[in-house]
Amino acid sequence: MRLVGAELVESREILPGQWLQSFHAPAIATGSRAGQFVHVRPGDWSGLVLRRPFSINTADPTTGIVTVHFRTVGRGTEWFTRLRSGDAIDMLGPLGRPFEVDPRSRHLLLIAGGLGMAGVRMLVDEAIRDGRSVVLLFGAASAREVYPSSLLPDEVEYVVATDDGSLGHAGYVTDLVTDYEAWADQAFACGPYPMLNALAGLAAGRRQRLGVAKLGRKRGGGRAPAIGSTEARRKTFLQVSMEQNMGCAVGACLGCVVMGVGGTPQRVCREGPVFGADEINWESGWPPGMAS
């Protein structure tokens, strides 16, 4: 984790109300992994006292460029859209735990809902760099909110679903998962809580649908990895990146917790934002008003 001054290189509106900004921040670009985020301080407008968390959309250690993709939802994010090339901002990162890809996995299924693309976009680059095949499923309300395919590498298979049927599959992006679950070695997702909840349910029933027997561990094979550990996450089929409001982003304020299966609150900024889907108690009703 580093606190750096990042210089804006480019800012553009790629979708209505959604912006892609590029910053020169070599210290963060060289140490980032897919799934991590940065905490950025807005300007000195009265009342803008908290930093804003942004997923690291892409990071290029060669050029030192880090990109963030965000939607304007209030005065803080609106402030960032007013930045011009050469302006400097205060950026803290990389923060949080990243996605964990099993070294044996060759086929990765990525699922993004709306702005959740920002949470998985960097994993596309990492997977292709490492010689893996990638299918990216993307869901949006309508065609006007679909992430531009021109911003993705040619190597990725990009499949779109829209709620109103104006582009691609008519329906939810979760409808597409069963078409690819037999092909995929692992799946990684980011998006609204109800979408992640539905994906967790699909992942839990995957073995039964595919007719895969669950064998016991060999005698002497040792203990199963601790839930939440890097080893355990690499072995789980589905990992999710949680979207939560954050205050401090360093684990102190407890403002971003979700409920774990053991009944212990999990801090999205510290234990996450990436979790194994089997680590979260999806029906706990926590965060309040978000569980289905």
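Reading guide: rules and limits
- Residues numbered from 1 in each chain as written.
- Predicted model: local features only at pLDDT ≥ 70, side-chain atom pairs only at ≥ 80, totals over all residues.
- Heavy atoms only, no water.
- Core = buried A, V, L, I, M, F, W, Y, C linked by side-chain atoms within 4.5 Å.
- Buried < 20%, exposed > 50% of the residue type's maximum accessible area, 1.4 Å probe, protein only.
- Helix = DSSP H or I, 4+ residues; strand = E, 2+ residues; numbered from the N terminus.
- Contact = heavy atoms within 4.5 Å.
- Expected span 1.5 Å × (residues − 1).
- Salt bridge = Lys/Arg side-chain N within 4 Å of Asp/Glu carboxyl O.
- Phe/Tyr/Trp six-rings, centres within 6.5 Å; stacked < 30°, edge-to-face > 60°.
- Lys NZ or Arg CZ within 6 Å of the ring centre and 35° of its normal.
- Pairing = 2+ DSSP bridges.
- Axes fitted to C-alpha atoms, helices over the stretch in contact; angles between N-to-C directions.

Enquirer: Break down the nonpolar core for me, with residues and values.
Expert: Ile89, Met91 and Leu110 are the most contacted members of the largest nonpolar core, which totals 49 residues. Among the elements that make up this core, the one with the highest residue count is helix α3 (residues 117-129) (six residues). Among residues more than four places away in sequence, those in contact with Leu110 are Val120, Leu123, Val124, Val134, Val135, Leu136, Leu137 and Phe188. Among the nonpolar cores identified, the runner-up in size contains 35 residues, and Leu95, Tyr193, Leu199 and Trp282 belong to it.

Enquirer: Hey, could you go over the environment of Leu199 for me, with residue numbers and the actual values?
Expert: Positionally, Leu199 belongs in helix α4 (residues 193-204). Sequence spacing of Leu199 and Gly93 is 106 residues, and the spatial spacing of their C-alpha atoms is 29 Å. For Leu199, the contacting residues outside a window of four places in its chain are Ile111, Thr174, Val177, Ala189 and Leu238.

Enquirer: Any chance you could break down α3 for me, citing the residues and the numbers?
Expert: Residues three or four positions apart in an α-helix share a direction because the helix packs 3.6 residues into each turn. The end-to-end C-alpha separation of α3 is 19 Å, in line with the 18 Å expected for 13 residues at 1.5 Å each. α3 sits mainly inside the fold: 10 of its 13 residues count as buried. Among all positions in α3, only Met117, Ala118, Gly119, Val120, Arg121, Met122, Leu123, Val124, Glu126 and Ala127 are buried. Once α3 finishes, Gly131 follows within two positions and takes phi at roughly 80°, a positive value.

Enquirer: Requested: an account of the pattern of salt bridges, with residues and values cited.
Expert: Summed over all chains, the structure comprises 12 salt bridges. With a closest N to O distance of 3.2 Å, Glu100 and Arg33 form a salt bridge. On the criterion of sequence distance, the pair formed by Glu100 in the loop between β7 (88-95) and β8 (107-113) and Arg33 in the loop between α1 (26-29) and β3 (37-41) is long-range, its members being 67 residues apart. Take Arg33: its relative accessible area is 35%, and that puts it in the partly exposed class. Note that Arg121 and Asp125 form a salt bridge whose closest N and O atoms lie 2.9 Å from each other. Residue Arg121 and its partner Asp125 are located together in helix α3, separated by four residues, close to a single helical turn. When salt bridges that share partners are traced, they join Arg33, Glu100 and Arg234 into one network.

Enquirer: Run through the side chain of Asp102, naming residues and quoting values.
Expert: Tracing the backbone shows Asp102 in the loop between β7 and β8. In this structure Asp102 comes out as buried when scored by relative accessible area, which is 9%. Dropping the residues within four chain positions of it, Asp102 is found in contact with Arg132, Gln186 and Arg234.

Enquirer: Describe the packing of aromatic side chains, listing the residues and the values that go with them.
Expert: In this description, an aromatic ring pair is defined by two values, namely the gap between the centres and the angle between the planes. Counted under the stated rule, the structure contains seven aromatic pairs. Residues Phe54 and Phe80 carry aromatic rings whose centres are separated by 5.3 Å and whose planes lie at 80° to one another, so their mutual orientation is edge-to-face. Pair noted here: Phe54 is in strand β4 (residues 52-55) and Phe80 is in helix α2 (residues 75-81), with a separation of 26 residues, a long-range link. Considered together, Phe54 and Phe80 belong to a single accessibility category, that of buried residues. Centroid distance Phe138 to Tyr158: 6.3 Å. Interplanar angle 45°. Geometry classified as tilted. Taken together, the positions of Phe138 in strand β9 (residues 133-140) and Tyr158 in strand β10 (residues 157-162) put the pair 20 residues apart, joining distant regions of the chain. Across from the ring centre of Phe237, 3.9 Å away, lies the NZ or CZ of Arg206, which sits over that ring.

Enquirer: Tell me about the sheet that holds strand β5 (residues 58-60), residues and numbers included.
Expert: Overall, antiparallel pairing links the seven strands, which are arranged β4-β3-β7-β1-β2-β6-β5 in an open sheet. At either end of the open sheet lies a strand with only one pairing partner, and these are β4 and β5. Neighbour to neighbour, the strand axes of the sheet diverge by 35° on average, direction disregarded. Of the strand pairs in this sheet, β3 and β7 are connected by four bridges, and their pairing is antiparallel. In the sheet register, Arg41 faces β7, and the bridge partner there is Asp90. The strands touched by α3 within the sheet are β4, β5 and β6 (65-71), with β5 carrying the most contacts at an inclination of about 40°.

Enquirer: Can you tell me about the sheet that holds β8, naming the residues and giving the values?
Expert: Taking strand neighbours across the sheet as the criterion, the seven strands line up as β11-β10-β9-β8-β12-β13-β16 in an open arrangement whose pairing is mixed. Every interior strand has two partners, whereas the edge strands, β11 (169-170) and β16 (274-276), have only one. The pairing of β8 with β9 spans seven bridges and is classified as parallel. Looking at β9, one finds that Leu109 is bridged to Val135. Docked against the sheet, α3 engages β8, β9, β10 and β12 (186-190), running at close to 160° with respect to β8.

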